[in-house]
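# Observations on the model geometry
If you want the building blocks of each chain, they are given just below.
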There are 2 protein chains.
Amino acid sequence: MNNTKLLNKRRALLGPNVPTFYQHPVHIVKGEDVWLWDAYGRRYLDGYNNVPHVGHCNPRVVEAICTQSRTLNVHSRYLHDTLVNYVERLVATFGEGLDTAVLTCTGSEANDIALRMAEAMTGKRGIIATDATYHGNTSLVSQLSATNAPQFGFGLDQYVRHVQAPDSLRIDDPQGLRFAAQVQAQIEALERSGIGFAALVVCPLFLNEGFPNQAPGWLQATEQVVRAAGGLLICDEVQSGFARSGSHFWAHEKQGVKPDIVTLGKPMGNGYPIGAVVTQADTMARFRGGYRYFNTFGGNPVACAAAMAVLDEIEQRDLQANAARVGQLAGELLQALADKYSVIGDVRQSGMVFGVELLADATALTPAPEFTDQVVEAMRERGVLLSKLGLHKNTLKIRPPMTFAPEHLALLVSTLDGVLADLLAQA
Amino acid sequence: MNNTKLLNKRRALLGPNVPTFYQHPVHIVKGEDVWLWDAYGRRYLDGYNNVPHVGHCNPRVVEAICTQSRTLNVHSRYLHDTLVNYVERLVATFGEGLDTAVLTCTGSEANDIALRMAEAMTGKRGIIATDATYHGNTSLVSQLSATNAPQFGFGLDQYVRHVQAPDSLRIDDPQGLRFAAQVQAQIEALERSGIGFAALVVCPLFLNEGFPNQAPGWLQATEQVVRAAGGLLICDEVQSGFARSGSHFWAHEKQGVKPDIVTLGKPMGNGYPIGAVVTQADTMARFRGGYRYFNTFGGNPVACAAAMAVLDEIEQRDLQANAARVGQLAGELLQALADKYSVIGDVRQSGMVFGVELLADATALTPAPEFTDQVVEAMRERGVLLSKLGLHKNTLKIRPPMTFAPEHLALLVSTLDGVLADLLAQA
């Protein structure tokens, strides 16, 4: 099918407003490690996708999926080894206390559970999130989005309060005290309203917010505020986890905080649908006691086999060290570009997620979202896939598979160099 | 791992109150078509599982999953053919008007969307369901459960009203007029309360309610009541769909109704996590317009390839006809058992789902839930897996893969014959 026909069929069959990337969406037919191919045989370097965490069509993961799919795939009301073996291995990667899990199919389902756990533990319903975040698509969880906020959803928006997202370029908050004070103010507002404060939900790297530069431990002051109010700290590690930060397996460790609940999703099964909620035994018992939760596909043997293979790949290929090494190199190479192009207002990097903030005016720190769009489109035209994000829609989002190597990075950065040079020459 | 160790590890790692089947849960290691094997090499006939719709480890589905997993698995913000090809083929199985779909990972996610669509279309939030149903596990959808009702969930229980589940043995309602009147009463109660009526959600075969015997068209009176009130009819075809009813591909056709929204899940990908919401273009547009819905794993190429292979199997092996033929035979064989054992108070059958209601007193129609438990356990001891359900927990639930053949049925029924004879002799 050609792209026009595909787009028309999508619109007819899926309805309007279904997101696609790029003015002329890419029609992808094949993937391998950090590479994607379109229907015309063109190869793209994948600088965007975190779901294929250990590489597109990773042979070990594919083999695990195929072998287990041929052997058994059934729900968890029968006993099977893979479920307990995987959960045992998963919780061993967390610090003391975080030693039980519910397996789900998606990060959205995981966050939906986490919020109910918070209600179960506190008897309250007020949830605080940042005003530039995204935590998933259920009726409840989608209410956490301030941008593209849902126009309906059973009145659940009443339970959500937003705090201003951190912005290391514009907001002077080196130790996170200002952020903590904002959380405190929203806690007080929730308590005054009668709703009460149940939990704060954050991505420890603030990835949707534009991954601001933060000193280690930046969230500690906020954690203290949350604890003092009797609320729960939920860390959404759907994007930030599984060693992506480079320095730690879980990004909340980098922040020096101990979440009550951690939620997982996207990269967990390298694309096979699986998510999880990891928490303490008492929180799990309270949830399980008040809720006969069962998830038909959650923790099925194939999902667990895929997820186990992902952990094997991360460990045996030491992809955490790769994320640290390639990420640091990315920071250096992007800084060199920033020295060359004044349109680059800031360099961001946190392990295997990096990017630059593009500015229309370097002094006034005016964002350049349209120019950022042009860069994203031009990169695609030159065979490199990446995206943009953040409060101001002016930060390049480069978040490749964890197998991204220095030579891939070099290609990406040199392509970006060429794109910036050409776009600025045209301007 | 032995079963004791596995159970202890489950309790430690997953928390309390995690459902398992049987007093001594089965430890399953292998599946093939209608057979499962435990860790001790014992083979079981699977009379229970509907998720492996076209048989455990169906070779065509496994091959589709493996081939596509080796080629590409990526989200739908790029274009790929499998998504539109699958949705095109899926909606072609529905009647006129039901021609757009959202793909999700689970039936729970699908029902969570369906309820939001109902709110979007009506501007109201009141949902009606039966008092013996189950539609899924999200914060919103789980509130539809009257039995095992959640103890918390952000106050969403306020939007749910229950009507008495149909019970063809005890409630005289041959044309569904009594049921329709109950729905009407709850609609009026919702309107009076200020919440307003948005939708009725039902499984067209009332499978969780004990699949009562109903004449075709039984739901039509209810449909009229729903339409007259300006509400939506949501048919949850997670269990009843994909030709299981034998007479129709979708069970709502058997009921002679035209739902506004149909939700799908369990059997859709033969165990690969995939679900869907199918609806009219205007409902889809309203939902998509008010909600920038995106599901990372939803409609990924592997899920679509698996789901396409399921449709191929149903069609090419004519499993709908098999469900009709084997189902009818099941009804006849179970009726012969009912003639032999007075403990059998009623025979139920609706295509490839069948069972008997077991009574302690045939005149007073007193349910025999404990005896039903004994039957389920004894069947397992003799190598046949099935379960029980219904309002009174006294109906055997036999809902095997659609490839269940007459010889499998004969084995199941003869085993049940022996179990009933022995248990009744002991009593």
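The text that follows walks through the structure, step by step, so that each part is easy to find. (Residues numbered from 1 in each chain as written. Chains lettered and ligands numbered in written order. Predicted model: local features only at pLDDT ≥ 70, side-chain atom pairs only at ≥ 80, totals over all residues.)

### So, the overall build of chain A
Which entries qualify depends on this criterion: Here a helix means four or more residues in a row that DSSP labels H or I, a strand means two or more in a row labelled E, and each is numbered from the N terminus. The quantity called the radius of gyration is restricted to C-alpha atoms. Its globule counterpart is 2.2 Å times the number of residues to the power 0.38. Our exposure labels follow a C-beta count within 10 Å of each residue's own C-beta, placed from the backbone: buried means 20 or more other C-beta atoms, exposed means 12 or fewer, and partly exposed covers the counts in between.
Secondary structure summary: chain A contains twelve helices and 16 strands in total. What you see for chain A is a C-alpha radius of gyration of 21 Å, in line with the 22 Å of a compact globule of 427 residues. On the principal axes, the C-alpha backbone points of chain A span a range of 65 × 55 × 45 Å. Counting the 427 residues in chain A, one finds 63% classified as buried.

### Regarding the relation of the copies chain A and chain B
Two copies of one chain are present, and they are related through a rotation about an axis combined with an axial shift. Our working rule: Alignment of the copies relies on least squares applied to C-alpha atoms, considering only residues that score at least 70 for pLDDT in both. Once C-beta atoms are placed from the backbone, any two residues with those atoms within 7 Å are in contact.
With an RMSD of 0.0 Å, the fit of chain A onto chain B corresponds to turning through 180 degrees and sliding 0.0 Å along the axis. Given the turn and translation reported, the copies of this chain are related as if by a two-fold rotation axis. By C-alpha distance to the rotation axis, the residue of chain A lying nearest is C66 of chain A, at 2.7 Å. Both copies contact each other with a shared surface, as 100% of the interface residues of chain A are interface residues in chain B too.

### Thoughts on the interface of chain A and chain B
Filter applied, for reference: Under the convention adopted here, Pro, Cys and the residues Ala, Val, Leu, Ile, Met, Phe, Trp and Tyr are nonpolar, Asp, Glu, Lys and Arg are charged, and Gly plus all remaining residues are polar.
Taken together, the 83 residues of chain A in the interface contact 83 residues of chain B. Counting only elements with at least two residues in the side of chain A that touches chain B, the list comes to helix 1 (3-14), strand 1 (28-32), helix 2 (59-71), helix 3 (81-91), strand 4 (100-104), helix 4 (107-122) and helix 8 (281-290) of chain A. Each residue belonging to the side of chain A that touches chain B can be placed in one class, and the counts come to 43 nonpolar, 26 polar and 14 charged.

### What to know about helix 10 (residues 319-340) of chain A
Residues and elements named next belong to chain A. We apply this condition: Given the number of residues in a helix, its expected span is that number minus one, multiplied by 1.5 Å. This arc is taken over the directions from the axis of the helix to the C-beta atoms.
An ideal rise of 1.5 Å per residue puts 32 Å on 22 residues; helix 10 measures up with 31 Å between its terminal C-alpha atoms. Those residues of helix 10 that sit buried are L319, Q320, N322, A323, V326, G327, A330, L333 and L334. Projected down its long axis, helix 10 carries its buried residues within an arc of 150 degrees, all on one side. Opposite the packed face of helix 10, turned more than 90 degrees from it, sit the exposed residues A321, E332 and D339. If you follow the buried residues of helix 10, they end up packed against helix 9 (301-316), strand 11 (344-349), strand 12 (354-361) and helix 12 (406-426).

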